Amino acid sequence: MLYLQRMKKLSRRFCIAPMMDWSDRHCRYFWRLLSNNALLYTEMITTGALLHGDTEYHLAFHPHEHPIAVQLGGNKPADLAKAAKLCEKNGYDEVNLNVGCPSDRVKSGAFGAYLMNQPQLVADSIKAMQDATSLPVTIKCRIGVDDNDSYQALTEFVDINQCAGCTVFIVHARKAWLSGLSPKQNREIPPLDYPTVFRLKQDFPQLEIILNGGLKSLESCQDALQTLDGVMMGREAYQNPYLLNRVDQQLFDGLKPAFSSPVELAHRYAHYIEDQLIRGVQLNYMTRHLLGLFNGQPGARAYRRYLSENATRSGAGVEVFLTAVDLLHSGENSASKLESLNRL
Ligand SMILES: Cc1cc2nc3c(=O)[nH]c(=O)nc-3n(C[C@H](O)[C@H](O)[C@H](O)COP(=O)(O)O)c2cc1C
């Protein structure tokens, strides 16, 4: 099965972004129920955590999560090579290097977006990782960082890394400010600049260029796919996950949506919850990723509130989740039903 998966060319037509604290294995399993084709990315794992921490914990994933890419953070080619080898041994389908994250931790370690200033070091890292594994090694970057934001600097960065053997660039279409902006602001304040990414594809037609940043609908993904090889969606996939129900139908050759309703999806995920509870995972670790599942539907607020108040309790079981889902059926009466549940 794994072998067949590897033989199949990895499609990056639709990717879901690496997101710390969000795209963990419970969330990825949930996303996988919604799309067979989306390429899922792990949260960033630093080489330090992987090489000196609990490797098994960091790299564990469910076999149903394939195709799955692991994102690494680091700046030492030898360490990245060792880490990439471990990722291959653990069955990942791609290794991605983070050259776009602007958090303080990343700044003090001089990796992530900071590496946009160090194209040769990135190229050495890519080469070291490629020599160490047979997995595709890809880059996720920004269009610039601080004052190093000219198109020429971007093309030099891409060129030196393509010479090192990288053929896939996921480009978050805004620059990063390393001083003065928080990571959250760095995802909102620097303006989106899709034309720069389109231009990159025009100038490097042989490369796979994936657009990231601000994609909020499958229609906008379809538009970008007219020009580019793939798209990567982050926050919208997390906050409004049921939109993924039509990914296979709209962006691949799927005949129909994955589920007929979010309630049906919730009941399917409940089987996974039961299995993980037996393994000692707390209910909230899974249900926290499903708070946006019913957005816009009557009863959604009561569902969220019930989960937030009850899923963290020690020993909380799958029935807590199913009771929350039942509040959806109560529609406009969900608030009074929630009140009577709270009185119990
Ligand atoms: C909570 C959160 C955590 C993130 N963590 C990472 C990360 O670990 N690695 C990374 O490359 N980008 C990370 N990002 C950035 C996203 O991958 C993506 O580039 C960004 O959110 C823009 O895409 P979007 O507009 O579709 O959300 C994170 C974003 C969010 C919201």
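Quick caveat: nothing in here was measured; it's all calculated off a predicted structure.

Undergrad: A description of the overall build of the protein chain should follow, citing residues and the corresponding values.
TA: When helices and strands are tallied, the protein chain shows 17 helices and 8 strands. In terms of its C-alpha atoms, the protein chain occupies a principal-axis envelope of roughly 65 × 45 × 40 Å. Here the protein chain holds 344 residues, and the buried ones make up 42% of them. Long-range pairs, those at least 24 residues apart, make up 71% of the contacts in the protein chain with a sequence separation of at least 6.

Undergrad: Break down unusual backbone geometry for me, with residues and values.
TA: Comment: phi is negative for the bulk of residues other than glycine, and the bulk of peptide bonds are trans. Following His-66, the chain continues into Pro-67 via a peptide bond in cis, with omega recorded as -5 degrees. Along the chain, Pro-67 turns up in the loop between α4 (55-59) and β3 (68-73). The phi torsion at Asp-21 lies on the positive side, around 70 degrees, for a residue other than glycine. Backbone geometry places Asp-146, a non-glycine residue, at a positive phi of 45 degrees. Mapped onto the secondary structure, Asp-146 falls in the loop between β5 (137-142) and α8 (151-163).

Undergrad: Before we move on, could you go through α8 and cite the residues and values that matter?
TA: The end-to-end C-alpha distance of α8 is 18 Å, a good match for the 18 Å that 13 residues give at a rise of 1.5 Å each. Residues of α8 that are buried: Leu-154, Phe-157, Val-158 and Asn-161. Projection of α8 onto a plane perpendicular to its axis shows the buried side chains occupying an angular sector of 90 degrees, all on one side. α8 presents Gln-152, Glu-156 and Cys-163 as exposed residues on the side facing more than 90 degrees away from its buried surface. Next to the buried residues of α8 lie α7 (119-132), β5, β6 (168-172) and α9 (194-203). Positive phi shows up at Gly-165, right after α8, with a value of about 115 degrees.

Undergrad: Give a detailed account of the site of the ligand, specifying residues and quantitative values.
TA: Around the ligand sit 23 residues in total, of which Ala-17, Met-19, Met-44, Gly-234 and Arg-235 are the nearest. For the shell around the ligand, the secondary structure elements donating two or more residues are β2 (39-46) and α11 (235-239). The residue inventory of the shell around the ligand, partitioned by class, reads 9 nonpolar, 8 polar and 6 charged.

Undergrad: A description of the domain arrangement of the protein chain should follow, citing residues and the corresponding values.
TA: Each assigned domain of the protein chain is listed with its residue range as follows: domain 1 (2-251) and domain 2 (262-343). If you average the C-alpha positions of domain 1 and of domain 2, the two centres end up 31 Å apart. The interface of domain 1 with domain 2 comprises 9 residues on the first partner and 12 residues on the second. In terms of residues, the side of domain 1 that touches domain 2 owes the most to one element, helix α2 (residues 25-34), which gives 5 residues. Partitioning the side of domain 1 that touches domain 2 into residue classes produces 6 nonpolar, 3 polar and no charged.

Undergrad: Report on the confidence of the model for the protein chain, specifying residues and quantitative values.
TA: When pLDDT is averaged along the protein chain, the result is 94; 96% of the residues meet or exceed 70. The low-confidence segment residues 1-5, where pLDDT is below 50, has 4 contacts with residues more than four positions distant or belonging to other chains.

Undergrad: Outline the sheet that holds strand β4 (residues 94-99), supporting the account with residue identities and numerical values.
TA: Whenever strands of a sheet pair, they do so through backbone hydrogen bonds, lying parallel or antiparallel. Pairing in this closed barrel of 8 strands is parallel, and the strands run β1-β2-β3-β4-β5-β6-β7-β8 around the ring. Strand-to-strand, the axes of this sheet are offset by a mean angle of 25 degrees, without reference to chain direction. Along the sheet face, helix α5 (residues 77-89) touches β3, β4 and β5 and points at about 160 degrees away from the line of β3.

Undergrad: Please provide a residue-by-residue account of the pairing of β6, values included.
TA: Where burial is concerned, most of β6 is hidden: 5 out of the 5 residues are buried. The alternating pattern of β6 places Val-168, Ile-170 and His-172 on one face and Phe-169 and Val-171 on the opposite face, and all of these are buried. Bridge analysis of β5 against β6 gives 4 bridges, and the strand direction is parallel. Across the sheet, Lys-140 pairs through a bridge with Ile-170, a residue of β6. Crossover β5 to β6 through α8 is right-handed.

The rules behind these values
Residues numbered from 1 in each chain as written. Predicted model: local features only at pLDDT ≥ 70, side-chain atom pairs only at ≥ 80, totals over all residues. Helix = DSSP H or I, 4+ residues; strand = E, 2+ residues; numbered from the N terminus. Buried ≥ 20, exposed ≤ 12 C-beta atoms within 10 Å, placed from the backbone. Contact = placed C-beta atoms within 7 Å. Expected span 1.5 Å × (residues − 1). Arc of directions from axis to C-beta. Near = placed C-beta within 6 Å. Nonpolar A, V, L, I, M, F, W, Y, C, P; charged D, E, K, R; others polar. Domains from an automatic or database assignment. pLDDT = per-residue confidence, 0-100. Pairing = 2+ DSSP bridges. Axes fitted to C-alpha atoms, helices over the stretch in contact; angles between N-to-C directions. Right-handed = clockwise from strand over helix to strand, strands pointing away.

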